[in-house]
Amino acid sequence: MYTAHPDRYAEMPYRRTGRSGLKLPALSLGLWHNFGPDRPVETQRAILRRAFDLGVTHFDLANNYGPPPGSAESALGEALKADFAPYRDELVISTKAGYLMWPGPYGEWGSRKYLLSSLDQSLSRMGLEYVDIFYSHRPDPKTPLEETMGALHTAVQQGKALYVGVSNYSAEQTREAARILAELGTPLLIHQPRYSMLDRRPETGGLLDALDELQVGSIAYSPLEQGLLTGRYLNGIPQDSRAASDSPFLNSDAVTEELVGKLRALNEIARSRGQSLAQLALAWVLRQGRVTSALVGASSPQQLEDSVAAIGNLDFAADELARIDKIVQG
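The model shown is predicted, which means the values in this text are computed figures rather than measured ones.

Peer 1: Could you give an account of helix α4 (residues 145-157), with specific residues and numbers?
Peer 2: The end-to-end C-alpha distance of α4 is 18 Å, a good match for the 18 Å that 13 residues give at a rise of 1.5 Å each. Within the sequence span of α4, burial applies to Leu145, Thr148, Met149, Gly150, Ala151, Leu152, His153, Thr154 and Ala155. Buried-residue contacts for α4 involve α3 (112-126), β6 (131-136), β7 (161-167) and α5 (171-184). Note on α4: the residue one or two positions beyond its end, glycine 159, has a positive phi of about 80°.

Peer 1: Before we move on, can you summarise the sheet that holds strand β9 (residues 217-220) with the specific residues and values?
Peer 2: The strand order β3-β4-β5-β6-β7-β8-β9-β10 describes a closed barrel built from eight strands, whose pairing is parallel. Across this sheet, the average inter-strand angle for adjacent strands is 30°, counted without regard to direction. Of the strand pairs in this sheet, β7 and strand β8 (residues 188-192) are connected by four bridges, and their pairing is parallel. Residue pairing for β8: glycine 165 is matched across the bridge by isoleucine 190. Of the strands in this sheet, β5 (92-97) and β6 touch α3, which is tilted by about 140° from β5.

Peer 1: Tell me about the packing of aromatic side chains, and name the residues and values.
Peer 2: What characterises a pair of aromatic rings is the spacing of the ring centres plus the angle enclosed by the ring planes. Taken as a whole and judged by the stated rule, the model has ten aromatic pairs. Look at tyrosine 9 and tyrosine 14: their rings are 6.1 Å apart centre to centre, the planes differ by 55°, and that puts the pair in the tilted class. Ring geometry for tryptophan 32 against tyrosine 65: centres 6.2 Å apart, planes inclined by 25°, an arrangement best described as stacked. Of this pair, tryptophan 32 sits in the loop between β3 (27-30) and α1 (41-53) while tyrosine 65 sits in the loop between β4 (58-60) and α2 (71-84); the two residues are 33 residues apart in sequence, bridging distant segments of the chain. Tyrosine 65 sits in the buried class, given a relative accessible area of 7%. Through pairs of rings, three or more aromatic residues link up here, namely Tyr2, Phe52, Phe59, Phe84 and Tyr87. Residue placement shows lysine 113 over the ring face of tyrosine 106; its charged tip is 5.5 Å from the ring centre. Just above the ring of tryptophan 284 sits the side chain of arginine 287; from NZ or CZ to the centre is 3.8 Å.

Peer 1: Explain the side chain of glutamine 226 residue by residue, including any values.
Peer 2: Its place among the elements puts glutamine 226 in the loop between β9 and α8 (257-272). On the basis of relative accessibility, which here comes to 7%, the residue glutamine 226 falls in the buried class. Within the structure, glutamine 226 has its side chain in polar contact with the side chain of serine 222 (distance 3.1 Å).

Rules and cut-offs
Starting from 1, residues in each chain are numbered consecutively following that chain's sequence as written. The predicted origin of the model limits local features to residues at a pLDDT of at least 70 and limits the giving and counting of side-chain atom pairs to 80 or more, whereas totals for whole chains, interfaces and linings rest on all residues. Side-chain figures throughout are based on the complete set of non-hydrogen atoms in the structure, without hydrogens or water. Helix numbers and strand numbers start at the N terminus; a helix is a DSSP run of H or I with at least 4 residues, a strand a run of E with at least 2. Multiplying one less than the number of residues by 1.5 Å gives the expected span of a helix. Each residue is assigned to one of three classes by its accessible area relative to the maximum for its type, calculated with a 1.4 Å probe on protein chains only: buried under 20%, partly exposed between the two thresholds, exposed over 50%. Whether two residues are in contact is decided by their heavy atoms, any of which lying within 4.5 Å being enough. Strands qualify as paired when DSSP identifies two bridges or more between them. For helices, the fitted axis covers only the stretch in contact; all axes are lines through C-alpha atoms, and the angles between them, taken along N-to-C directions, range from 0 to 180 degrees. Aromatic rings from Phe, Tyr and Trp, taking only the six-membered ring of Trp, are treated as a pair when their centres fall within 6.5 Å; an angle between ring planes under 30 degrees marks them as stacked, one over 60 as edge-to-face, and anything in between as tilted. By definition, being over a ring means that NZ of Lys or CZ of Arg is both within 6 Å of the ring centre and within 35 degrees of the ring normal. We call two N or O atoms a polar contact when they sit within 3.5 Å, provided that within protein one can donate a hydrogen and the other can accept it, with sequence-adjacent residues counted only if both atoms are side-chain atoms.

Functional significance is not addressed by these values, which are geometric in nature.
Here it is as structure tokens:
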């Protein structure tokens, strides 16, 4: 029987999410990859247990995480039952709906029918009565935003979600979503954008500015850019890497000589700070406090420990930030 570490809250910083009362750990565990039938169950359980022992109280999912879709939620459900039942009120569990889950016209996007049906299925897979955060995973260009936000509001009214969020919405879409939700009486809690040293669209597209204005939290996904911002690609493409498999999320064409040169230069900055490249990348996303939390994946407890160690140095000198900008943008 698992017993959580008594000092699990000693080191992890917790940040208030927008203007809400909810605090999230600086690093959250994402179950996008590594949680499905192709991974040993004991490894998955070990990662979750180690995360909680390190103060990572937030587990982030979506209905389609796996593979196959739904399997990450099922895996978490088994772990919750086996290890975390006594700790449910110490955990923040989030899920999303928006991408393809089942055949036919009601199996994806942002209709009320799809979102609320998907949430019911997610709760069943995880064995939960509610999730802490329920997201619209992507904007639907053909469904009125009022309908999508109305479905999120209904999830809260039904007691199936405590808070709601959006992911992959533009600054303008986020402002409108927040306005609709405020009128309904369910505030927009959080936005989950893709954001990293190599992907700065939340900055250049005005999203972070919008979130500041709205007092909405943010949680960055892919802060390690699908593994590029780790030590794995400093000498090209390893045979067992995601890029070598031409994953839909990272293909070999993206790993150019120019990019490898940038990664090596960034790694030199990391070494001068006493960090790994991954730790530098996570610290950069969390700098200045504009991002509430950064989502990390893990294939082992040791990999998770390396990521969590980034919280030991989140401060940057002005010249360090200038050097990073010059490397990435040059």
